[in-house]
Amino acid sequence: MKLSVILKIINMKNINQGIITFNKALQDFGDSMNSITKEMSLDIEKSNRESEDREKKNKENLDEIWGNKN
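Residues numbered from 1 in each chain as written. Predicted model: local features only at pLDDT ≥ 70, side-chain atom pairs only at ≥ 80, totals over all residues. Heavy atoms only, no water.

Draft legend 1. View of the environment of F22. Within the element layout of this structure, F22 appears in helix 2 (residues 12–66). Overall, the relative accessible area of 55% leaves F22 in the exposed class. Note: C-alpha distance between F22 and E64 (42 residues apart in sequence) is 63 Å. (Helix = DSSP H or I, 4+ residues; strand = E, 2+ residues; numbered from the N terminus. Buried < 20%, exposed > 50% of the residue type's maximum accessible area, 1.4 Å probe, protein only.)

Draft legend 2. How the structure looks around a nonpolar patch on the surface. Together, V5, I6, I9, I10, M12, I15 and I19 line one region of the surface with nonpolar side chains, adding up to about 690 Å² of accessible area. Elements with a contribution of two residues or more to the nonpolar patch: helix 1 (2–9) and helix 2. Within the secondary structure layout, V5 lies in helix 1. (Patch = residues over 30% accessible without salt bridge, like charges linked within 9 Å, V, L, I, M, F, W, Y side chains within 5 Å. Areas by Shrake-Rupley, 256 points an atom, 1.4 Å probe, with all protein chains shown as cover. Salt bridge = Lys/Arg side-chain N within 4 Å of Asp/Glu carboxyl O.)

In structure tokens, the structure reads:
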């Protein structure tokens, strides 16, 4: 008897709407993760470029101080 009352409350329309909402939430989460990953990748690329530029400038400065060893 109690089971039939519960089944009437939880009908397919409610379940379907719950699945649609859950799916939308997962898609939004996935989009957010993609955005964060892309942003982090760009930051890493920028950091690597800046590091290479600093390394090159440091080498040039050392060459000026000690002379070019090549």
